[in-house]
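Observations on the three-dimensional arrangement
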Amino acid sequence: MPSPKPFATAAGMLRSRLSPTLRTRGGGGDGPSRWTSPGHQERPNGYLFNRTPLPPGQSRKWEDWELPCYITSFLTIVILGVGLNAKPDLTIESWAHQKALERLEAEKLAPSDESDCD
């Protein structure tokens, strides 16, 4: 296993080169920044999105963005479902199949010249 000294030296050099850049992008340089702070909670509390359940008998109030988002999502699914099922079949295979059926039908309807020559 290689010694950790070269890695520590490289990390220190990289940190010293990046620190002026980080300070100019909103990091104060002194104290913890919002990107590296440990957070407000010591550990997850086990609830979805860390929201504690409401007391019994209360319902959750919808936020302003939820109703437009749900309506738009539903309409998008309906429009895509109808639109994709109703689109014309423009594949080369279906065109070739249709042309082959037309040629077979034309061959059946056309009088055979081989029997007339005898």
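None of the values given here were measured: they were computed from a predicted structure.

1. Here we look at the overall build of the protein
From N to C terminus, the protein includes four helices and zero strands. Reading the secondary structure of the protein in the N-to-C direction produces α-α-α-α. Burial analysis of the protein (118 residues in total) assigns 1% to the buried set. Accessible surface for the protein amounts to roughly 11800 Å². Of this, 62% is attributable to carbon and sulfur atoms.

2. Some thoughts on the pattern of salt bridges
Side chains bearing opposite charge may pair, as long as their charged atoms lie close to each other. For the structure on display, the rule yields three salt bridges. Put simply, E66 and R60 hold a salt bridge, and the shortest N to O gap is 3.1 Å. Since its relative accessible area comes to 41%, R60 is described here as partly exposed. Ionic pairing is found between K99 and E102, a salt bridge with its closest N-O pair at 3.7 Å. Taken together, the residues K99 and E102, both in helix 3 (residues 92-109) and three residues apart, mark about one turn of the helix. By relative accessible area, K99 is classed as partly exposed at 34%.

3. Notes on a nonpolar patch on the surface
A grouping of W62, W65, L67, Y70, I71, F74, L75, V78, I79 and V82 is seen on the molecular surface, where their side chains present a nonpolar patch of about 1100 Å² in accessible area. Along the chain, the position of F74 falls in helix 2 (residues 66-86). You can call F74 exposed: its relative accessible area is 55%.

4. Here's the deal with the side chain of E66
Along the polypeptide, E66 turns up in helix 2. Judged by its relative accessible area of 4%, E66 falls in the buried class. Apart from the residues lying within four places of it in its own chain, the contact partners of E66 are R60 and K61.

Rules and cut-offs
- Residues numbered from 1 in each chain as written.
- Predicted model: local features only at pLDDT ≥ 70, side-chain atom pairs only at ≥ 80, totals over all residues.
- Heavy atoms only, no water.
- Helix = DSSP H or I, 4+ residues; strand = E, 2+ residues; numbered from the N terminus.
- Buried < 20%, exposed > 50% of the residue type's maximum accessible area, 1.4 Å probe, protein only.
- Areas by Shrake-Rupley, 256 points an atom, 1.4 Å probe, with all protein chains shown as cover.
- Salt bridge = Lys/Arg side-chain N within 4 Å of Asp/Glu carboxyl O.
- Patch = residues over 30% accessible without salt bridge, like charges linked within 9 Å, V, L, I, M, F, W, Y side chains within 5 Å.
- Contact = heavy atoms within 4.5 Å.

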